[in-house]
Amino acid sequence: MADEKRMSYIEPRQRLPTFEEVLYRKTRPPVDLFNFYLFLQREGAEDVLDFWLDVQQHENLCRAYFKDVRKSGKTVKEDWPQFWEYARRRGSIYGNVVGAGASKRSTVSSGDADPEKRPLSSQGHHSRPGTPGNMQTGWGDAKDPHAYRDYQEAPPRSSTPFSLNLGRRSTTMSKRASRAPTFIPRDSAITRTDLIASAERIFARYLLPSSDKEIYLPPSLRIHEFPLSSHQLPNPTSPNYEVEASALAQVPDMFHAQKEYVFRAMEQDAFPRFLRAKAFGNLTPVSALARLCLGLVALWAGLAAAFALIFLDVKPKAKRFFLFIPFTIAFLCLVSHQYELDPILVFLNQSETTPFRTMPIHEPYVRKLLLGRAIWVSFLIVFLVVVLTIIFWAVPGHRL
């Protein structure tokens, strides 16, 4: 109900949505986040979006922690001096929140600002030495018993976040293993242990070699180990306290560079294909293939009936006009497969989400595009049916 109310306030746009608008749930079906997730699921690449959503949730958790600190009457410098110093020296996406006085590393995919107000071309997304993109180089000496260690024999790496998942079976009907809510339900203040636990889950789920949901990252962005324990904070009496405290200070920004890389990969690779599939078509690949098979069978039946009427010289000749029935079914299915668009579904304002399951088209501009293509496809089908029917009607009968 809340989603419906929120959607009712979205101003109709006279263009296709941007990737940011889809991620921040500013679009309607069939070009919304739900359909984008289903699209990635069909390609076996939903782990990439899962990672982005989970990191977004992690960053929201960190922002909630800093807000709790400020509500308690303390400053971040007093509560967490190591992070304050890290943010002051190297910059942080939470710079404005913590009041460190450092310039904020503004990014396209960070969730602290309205994406409508951020220019796409001006956002930086390159990691710098010393930023979270290269943190694995500073954690090599940690000796925490709960740390995840680098593997000497890692599996072969792919070249993009999407090609890593090609060998995995796509589970279209499976549920998401992780979700990123728009708010964080809680009945107590968030602690640094909660931040460590959140980062540890993300590392174990997506970055640990050979994990079920491992995603590809270039070598400069890989994190090979996690030298912190979610069971306790670094102990000042521990000989590795300095290393662990320094690692803890990087936890809020830990995955931001990786999140930016994944964002750019989805924006440049998967998102254009998603728009082509949903803004210019309304069929899933399985449904289009089923229409191809049905169309070929109907075309064979129509041609067989047509030649039978000719060589049996059936009278009256007007009976041949009934050939338009199998020809209409045949060309409707074949042209729908070719364009991946069913004009009947478009006229009913429906678009497929999964094979043979549909939902209404709510995005006005997409509805306009699909309606225009549906009219063209309908004219093409009618033209083909009329031409073929007239040809077989005009051929003189000859009984064999």
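Every chain's residues receive numbers from 1 upward, in the order its sequence appears when written. Local features in this predicted model are restricted to residues of pLDDT 70 or higher, and side-chain atom pairs are both shown and tallied only at a pLDDT of 80 or more, whereas totals for entire chains, interfaces and linings draw on every residue. Processing note: side-chain calculations cover all non-hydrogen atoms of the structure and skip hydrogens and water entirely.

**Remarks on the overall build of the protein chain**
- Working definition: helices are DSSP H or I runs of at least four residues, strands are E runs of at least two. Numbering for both runs from the N terminus. Each helix and strand in the protein chain was counted, giving 14 helices and two strands.
- Within the span of the protein chain, comprising 400 residues, buried residues form 49% of the whole.
- We call two residues contacting when some pair of their heavy atoms lies within 4.5 Å. Within the protein chain, contacts between residues separated by at least 24 positions form 77% of all contacts whose residues are at least 6 apart in sequence.
- Using a 1.4 Å probe, the Shrake-Rupley method yields the accessible areas, and only the shown protein chains count as cover for residues. Summed over its atoms, the accessible surface of the protein chain is roughly 20,100 Å², and 60% of this surface lies on carbon and sulfur atoms. Residue burial is assigned from relative accessible area. The probe radius is 1.4 Å, only protein chains are included, and a residue is buried under 20% of its type maximum, exposed over 50%, and partly exposed in between.

**What about the packing of helix α4 (residues 46-71) against helix α10 (residues 256-279)?**
- Following both chains from N to C, one finds α4 and α10 inclined at 140°, their axes separated by 10 Å at the closest point. In terms of orientation, α4 lies oblique with respect to α10. With respect to the hand of their crossing, α4 and α10 are arranged in left-handed fashion. In contact with Val48, Leu49, Phe51, Trp52, Val55, Gln56 and Glu59 of α4, α10 contributes His256, Gln258, Lys259, Val262, Phe263 and Met266. All axes here are fitted lines through C-alpha atoms, helices being fitted over the stretch that makes contact, and every angle between N-to-C directions spans 0 to 180 degrees. Should an angle fall under 35 degrees it is taken as roughly parallel, and over 145 as roughly antiparallel, whereas 65 to 115 is taken as roughly perpendicular and any remaining angle as oblique. Crossing handedness is read from the near helix: turned anticlockwise from the far helix by less than a right angle, it gives a left-handed crossing, and turned clockwise, a right-handed one.

**Observations regarding α10**
- The largest bend in α10 amounts to roughly 40° and is located at alanine 270, with the proline proline 272 lying one to four residues further along.
- Where burial is concerned, most of α10 is hidden: 18 out of the 24 residues are buried. A residue's bend is given by the angle between axes fitted to the 7 residues ending at it and the 7 residues starting at it.

**Observations regarding the pairing of strand β1 (residues 350-354)**
- Among the five residues of β1, five are classified as buried, and the element is accordingly described as predominantly covered.
- A pair of strands is labelled paired if DSSP reports no fewer than 2 bridges between them. With four bridges connecting them, β1 and strand β2 (residues 357-360) associate as antiparallel partners. In the sheet register, threonine 354 faces β2, and the bridge partner there is arginine 357.
- Hairpin geometry of β1 and β2 is characterised by an intervening segment of two residues between the two adjacent antiparallel strands and by a positive phi of about 65° at phenylalanine 356.

**Re the environment of phenylalanine 36**
- Mapping phenylalanine 36 onto the fold places it in helix α3 (residues 33-42).
- As for phenylalanine 36 and glutamate 46, which are separated by ten residues in sequence, their C-alpha atoms are 9.1 Å apart.
- Apart from the residues within four sequence positions on either side, phenylalanine 36 is in contact with Phe19, Val22, Leu49, Met266, Ala270, Phe271 and Phe274.

**A few points about the confidence of the model for the protein chain**
- Here pLDDT means the predictor's own confidence in every residue, given as a number from 0 to 100. A residue-level look at the protein chain finds 74% of positions with pLDDT of 70 or above and a mean pLDDT of 80.
- In the predicted structure, residues 112-158 sits below a pLDDT of 50 and forms 107 contacts with residues beyond four places in sequence or in another chain.
- Taken together, the stretch residues 169-183 has pLDDT below 50 and engages in 28 contacts with residues farther than four places along the chain or on a different chain.

**Topic: the nonpolar core**
- Grouped together as the largest cluster of nonpolar side chains are 85 residues, with contacts concentrated most on Phe36, Leu49, Phe51, Phe83, Leu207, Phe255 and Met266.
- The greatest single-element share of this core, amounting to twelve residues, is contributed by α4. Buried Ala, Val, Leu, Ile, Met, Phe, Trp, Tyr and Cys residues that are joined via side-chain atoms within 4.5 Å together make up what is termed a nonpolar core.

**Description of the packing of aromatic side chains**
- The pairing test for Phe, Tyr and Trp rings, Trp by its six-membered ring, is centres within 6.5 Å, and the orientation test on the planes gives stacked under 30 degrees, edge-to-face over 60, and tilted for anything in between. A complete count under the given rule lists 23 aromatic pairs for this structure.
- When the centroid spacing of 6.2 Å and the interplanar angle of 10° are considered together, the rings of phenylalanine 307 and phenylalanine 311 count as stacked. With phenylalanine 307 and phenylalanine 311 both in helix α11 (residues 285-311) and four residues apart, the pair spans about one turn of that helix.
- Exposure remark for phenylalanine 307: the relative accessible area of 41% places this residue in the partly exposed category.
- Joined through ring pairs, the aromatic side chains of Phe19, Phe36, Phe39, Phe263, Phe271 and Phe274 make up one cluster.
- Each ring is checked for a lysine NZ or an arginine CZ that lies within 6 Å of its centre and within 35 degrees of its normal; such an atom marks a charge sitting over the ring. In this arrangement the basic side chain of lysine 259 is found over the ring face of tryptophan 52, its NZ or CZ atom lying 4.9 Å from the centre.
- Here the guanidinium or amino end of lysine 317 rests over the ring plane of tryptophan 393, the centre of that ring lying 5.4 Å away.

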